[in-house]
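Results of the structural survey
So the chains spell out like this:
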Amino acid sequence: MAEHTKSSITIEAAPADVMGVIADFNRYPEWTGEVKEAEILSADDRGRAEQVRLLLDAGAIKDDHTLAYRWVGDSEVHWSLVKSQMLRTLDGSYAVAPLDGGARTEVTYQLTVDVKIPMLGMIKRKAEKVIIDRALAGLKKRVESGPPAGASDSPPDKS
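Everything numeric here is computed off the predicted structure, so don't read it as measured data.

Some details on the packing of aromatic side chains
A full pass over the atoms with the stated rule returns seven aromatic pairs. Relative to Trp79, the ring of Tyr69 has its centre 5.9 Å away and its plane inclined at 45 degrees; by these criteria the two rings are tilted. Residue Tyr69 is found in strand E4 (residues 61-72), and its partner Trp79 is found in strand E5 (residues 76-83); the two are separated by 10 residues along the sequence. By relative accessible area, Trp79 is classed as buried at 8%. For the pair Trp79 and Tyr109, a centre-to-centre distance of 5.6 Å together with 75 degrees between the ring planes defines the contact as edge-to-face. Residue Trp79 is located in strand E5, and its partner Tyr109 is located in strand E7 (residues 104-115); the two are separated by 30 residues in the primary sequence. Look at Tyr109 and you get buried, because its relative accessible area is 7%.

Structure, rendered in structure tokens:
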């Protein structure tokens, strides 16, 4: 079994709010530094993405890839690589768990990456750690800053 990298962060928001940001792929380019474009190719009967095409620019790794998503209730999402130019494997998951009665959320991100070019395991795990840390920091900042301006599902802030 391939090795994976895992990390967690606490976000000052309810789990549903965190999963709402995670599930909003169209807005990924606004808060993730590496995702330049996101296109939902198919969705399930609840409107949750099943396949998403992502255009990634992470410095040394520039890739156009498609991921398949599997939702586990309202607390987990898993993904796996469907096709890619540079990657052999991109498997991951987000899991959210309520803290303090649901006022805060612990988010755990797990990731396994394998590129088509040879790379030392130690370097690959460091790259996974950087990806995870950036993603969790971006997610925390996005969720805690509130809904984006012009979001259709929330009233405008009148403060």
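Quick look at the nonpolar core
By size, the foremost hydrophobic cluster in this structure holds 35 residues, and its most contacted members are Val18, Ile22, Tyr69, Trp79, Tyr94 and Leu139. Once residues within four sequence positions are removed from consideration, Tyr69 is found in contact with Phe25, Ala49, Glu50, Val52, Leu54, Val77, His78 and Trp79.

Considerations on the pattern of salt bridges
Applying the stated criterion across every chain, the model contains 13 salt bridges. With its nearest N and O atoms 3.4 Å apart, the salt bridge here joins Asp24 to Arg27. Its relative accessible area of 21% is what places Arg27 among the partly exposed residues. One network of salt bridges, in which partners are shared, links Asp24, Arg27, Glu30 and Arg142.

The rules behind these values
- Residues numbered from 1 in each chain as written.
- Predicted model: local features only at pLDDT ≥ 70, side-chain atom pairs only at ≥ 80, totals over all residues.
- Heavy atoms only, no water.
- Phe/Tyr/Trp six-rings, centres within 6.5 Å; stacked < 30°, edge-to-face > 60°.
- Helix = DSSP H or I, 4+ residues; strand = E, 2+ residues; numbered from the N terminus.
- Buried < 20%, exposed > 50% of the residue type's maximum accessible area, 1.4 Å probe, protein only.
- Core = buried A, V, L, I, M, F, W, Y, C linked by side-chain atoms within 4.5 Å.
- Contact = heavy atoms within 4.5 Å.
- Salt bridge = Lys/Arg side-chain N within 4 Å of Asp/Glu carboxyl O.

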